[in-house]
Amino acid sequence: MSEIAAPRGFTLRQYLICLSGVVWREGLRFLHQRERFVSALVRPLVWLFIFAAGFRQVLGVSIIPPYETYVLYEVYIAPGLMAMIQLFNGMQSSLSMVYDREMGSMRTLLVSPFPRWFLLGSKLLAGVAVSILQVYAFLVIAYFWEIEPPTKWGYLTLLPALALSGLMLGALGMLLSSLIKQLENFAGVMNFVIFPMFFASSALYPLWRVKESSPWLYYVCEVNPFTHAVELIRFAFHEKVEWTSLAIVFGYTSAFLVAAILAYDPGRGMLMRRGG
Amino acid sequence: MTDALAIRNVSHAYGARKALDDVSFSVPAGSFTVLLGLNGAGKSTLFSLITRLYAARHGEIDIFGHNVMREPGAALRQLGVVFQARTLDLELSVMQNLLYHAALHGIGPIDARRLGQAALARAGLADRAKDKARALSGGQMRRVEIARALLHDPRLLLLDEPTVGLDIKARADLLALVRGLVRDQHLGVLWTTHLVDEIADDDQVIILHQGKVLAKGRAAEIVAAQGAATIGDAFARIAGIGQEKLSA
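(A) The overall build of chain B, seen in detail. In terms of helices and strands, chain B carries 8 helices and 10 strands. Viewed in the frame of its principal axes, chain B has a C-alpha envelope of about 55 × 40 × 35 Å. In chain B, buried positions account for 61% of the 248 residues. Considering only contacts in chain B between residues 6 or more positions apart, those separated by 24 or more positions represent 66%. A total accessible area of about 9,700 Å² is found for chain B, and carbon and sulfur atoms account for 50% of it. On chain B, the mean spot of the 29 positive side-chain charges and the mean spot of the 26 negative ones are 4 Å from each other.

(B) Spotlight on the packing of helix α6 (residues 153-179) of chain A against helix α10 (residues 225-237) of chain A. All names here are of chain A. Viewed as axis vectors pointing N to C, α6 and α10 meet at an angle of 165°, and their least axial separation amounts to 7 Å. Between α6 and α10, the interaxial angle falls into the category roughly antiparallel. Once α6 is placed against α10, the crossing between them reads as right-handed. On α10, the residues that touch G154, Y155, T157, L158, A161, L162, L164, S165, M168 and L169 of α6 are P225, F226, A229, L232, I233, A236 and F237.

(C) The packing of helix α7 (residues 219-226) of chain B against helix α8 (residues 231-239) of chain B, seen in detail. Residue and element names in this part refer to chain B. Where α7 contacts α8, the two axes come as close as 9 Å, and the packing angle between them is 60°. With respect to α8, the element α7 is oriented oblique. The two elements α7 and α8 meet at a crossing, and its hand is left-handed. Residues A219, I222, V223 and Q226 of α7 touch α8, and the partners they reach there are I231, A234, R237 and I238. Its residues placed into classes, the contact of α7 with α8 shows 6 nonpolar, 1 polar and 1 charged.

(D) Representation of the domain arrangement of chain B. All names here are of chain B. With domains assigned, chain B is organised as domain 1 (5-78 + 155-246) and domain 2 (87-153). On a C-alpha basis, the centroid separation for the pair domain 1 and domain 2 is 25 Å. Facing the 15 residues of domain 1 at the interface are 11 residues of domain 2. Roughly 990 Å² is buried in total at the junction of domain 1 and domain 2, and carbon and sulfur atoms are behind 71% of that figure. Where domain 1 touches domain 2, the interface holds 0 salt bridges. Summed over the shared surface of domain 1 and domain 2, the result is 1 residue pair in polar contact (both at pLDDT 80 or more). When contributions to the side of domain 1 that touches domain 2 are tallied by element, the ones reaching two or more residues are α2 (72-77), β7 (156-160) and α6 (168-185). Top contributing element to the side of domain 1 that touches domain 2 by residue count: α6, with 6 residues.

(E) Representation of the confidence of the model for chain A within the structure. Residues and elements named next belong to chain A. When pLDDT is averaged along chain A, the result is 83, and 86% of the positions lie at 70 or above. Considering each helix and strand of chain A separately, the mean pLDDT is smallest for helix α4 (residues 105-110), with a value of 79, and largest for α10, with 94. The low-confidence segment residues 1-6, where pLDDT is below 50, has 10 contacts with residues more than four positions distant or belonging to other chains. Segment residues 272-276 is flagged for pLDDT under 50; beyond a separation of four residues in sequence, or across chains, it makes 20 contacts in the model.

(F) Representation of helix α1 (residues 12-32) of chain A. For α1 of chain A, built from 21 residues, the straight-helix expectation of 30 Å at 1.5 Å per residue is met to within 8% by its first-to-last C-alpha distance of 30 Å. Of the residues making up α1 of chain A, those classed as buried are Q14, I17, C18, G21, V22, R25, E26, L28, R29 and F30 of chain A.

(G) Structural context of the sheet that holds strand β6 (residues 79-82) of chain B. Residues and elements named next belong to chain B. With mixed pairing, 6 strands are arranged side by side in an open sheet as β6-β7-β8-β3-β9-β10. A strand with exactly one partner marks an edge of an open sheet, and here the two such strands are β6 and β10 (212-218). Each strand of the sheet is rotated relative to its neighbour by a mean of 15°, with strand direction disregarded. Sheet topology places β7 next to strand β8 (residues 188-193); 5 bridges connect them, and they run parallel. Each residue of the ladder has a partner; that of L156, found in β8, is G188. Where α6 meets the sheet, its contacts fall on β3 (32-36), β7 and β8, and the angle it forms with β8 comes to roughly 155°.

About the thresholds
Residues numbered from 1 in each chain as written. Chains lettered and ligands numbered in written order. Predicted model: local features only at pLDDT ≥ 70, side-chain atom pairs only at ≥ 80, totals over all residues. Heavy atoms only, no water. Helix = DSSP H or I, 4+ residues; strand = E, 2+ residues; numbered from the N terminus. Buried < 20%, exposed > 50% of the residue type's maximum accessible area, 1.4 Å probe, protein only. Contact = heavy atoms within 4.5 Å. Areas by Shrake-Rupley, 256 points an atom, 1.4 Å probe, with all protein chains shown as cover. Lys, Arg positive; Asp, Glu negative; His and termini not counted. Charge placed at Lys NZ, Arg CZ, Asp CG, Glu CD. Axes fitted to C-alpha atoms, helices over the stretch in contact; angles between N-to-C directions. Parallel < 35°, antiparallel > 145°, perpendicular 65-115°, else oblique. Left-handed = near helix turned anticlockwise from the far one by under 90°. Nonpolar A, V, L, I, M, F, W, Y, C, P; charged D, E, K, R; others polar. Domains from an automatic or database assignment. Buried area = accessible area lost by both parts, 1.4 Å probe. Salt bridge = Lys/Arg side-chain N within 4 Å of Asp/Glu carboxyl O. Polar contact = N/O pair within 3.5 Å; in protein donor to acceptor, adjacent residues only side chain to side chain. pLDDT = per-residue confidence, 0-100. Expected span 1.5 Å × (residues − 1). Pairing = 2+ DSSP bridges.

Right under this line is the structure:
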């Protein structure tokens with residue numbers, strides 16, 4: 001019997017075909033949207049070359065793990081910028097999901113007979129794959145500004161950290177996409193999600209400095225999932241594991257994923273409240 | 001014989017606004033069934049429920065005997081859908097769009113290419129496989145969407161106002177294509193529209209108005225029962241509206 005005519009259920013091979021199809025389409029879309037790629041690259045580079053150069057003298061960074069010596073400010077903020085690429089990518093994916101839903105192509109995905117959690121998971125993995133490509137493209141340029149891991153292995157140890165932080169931020173974006181009713185509401189999300197997450201984190205300054213100036217803000221930074229994504233990436237780039245951040249990122253990822261899948265569940269999801 | 005689509009006592013509301021009120025009808029396998037209703041009648045809500053975008057508050061929906069909520073995989077496999085909004089990815093080629101859809105049904109690229117070529121040939125677009133979707137006319141896009149919806153060999157095809165925005169010739173071509181599929185491939189079709197000139201005497205017609213089914217049966221029977229001259233006339237009488245609302 002041919003696979004197409006199989007009465008019900010799917011083979012593992014068919015699940016893989018579906019997953020690779022979703023990733024392939026996301027990759028093609030990304031290649032076709034060159035401006036998206038360029039802006040994803042320019043944004044962190046502007047921070048690196050302009051902001052970091054300007055603040056190098058103002059913000060001294062003492063020796064804190066994982067660094068074993070004094071580091072330049074550019075080196076300090078590089079992991080935060082990698083996470084920023086993923087944060088923007090996660091939000092951009094969710095923007096495209098809202099757009100897809102308004103345009104109808106999200107329906108094409110959701111009308112597939114594969115389980116909905118699998119379809120959403122595939123879409124998420126596709127976004128993560130694209131964000132990882134963006135981070136490595138950023139690292140190629142950053143290399144020429146002496147931002148590099150202690151040994152070349154750092155590029156490899158970084159990969160699982162990027163995969164997990166990308167999943168967390170992508171799942172958060174997916175959850176938001178189910179809550180946003182229309183495209184126009186998205187600008188607000190950028191203001192209320194991206195900026196607070198980025199600034200109230202260890203991306204731009206170490207948390208001990210935040211604690212000195214405002215203990216209250218320090219606690220906000222501590223519970224901010226983005227802080228832990230940054231620290232996970234920072235340590236992984238230095239070929240180390242920050243176990244606390246790993247556990248916290250893992251926890252947030254699971255929570256966001258479950259919430260996003262529930263939100264897209266036809267029986268109880270937020271989609272239900274909308275007219276069609 | 002099992003119906004291609006069976007809808008039983010389906011009601012749905014958005015908050016206090018009732019969009020569907022105890023709707024029941026069926027689409028026999030191999031039939032061309034028209035769901036006729038004005039904009040806002042509840043057609044798109046019904047589509048969202050059949051395609052499981054969200055769940056019906058009350059009632060049951062079966063596709064070839066498989067309940068869409070309890071056995072979504074088995075039900076959706078039998079279903080091809082053409083949504084009212086254009087859902088082709090304009091940046092991708094026609095064939096890339098088809099390959100993506102095939103992957104969503106677990107069909108690998110080699111089989112998908114073969115099936116895609118055959119589906120495009122049926123839709124009269126065999127030479128456009130490599131063109132970007134953006135380069136197609138409105139009518140051609142619709143035909144590609146139909147080719148795509150049939151790629152995984154479903155036995156029920158839903159089309160939500162597929163002729164909206166098309167010129168007269170493209171509308172006629174599309175209608176002829178789908179009627180040909182019903183005749184030659186024994187496909188069950190549910191075609192929603194508010195345009196009465198798309199209905200033939202032998203079609204099964206369901207008249208949906210303000211969320212309620214007001215009449216169902218063969219078009220010719222509905223016309224005769226109302227003592228009307230045309231199906232448009234019959235619809236206007238049943239729904240209590242003026243004829244002018246039924247023209248394009």
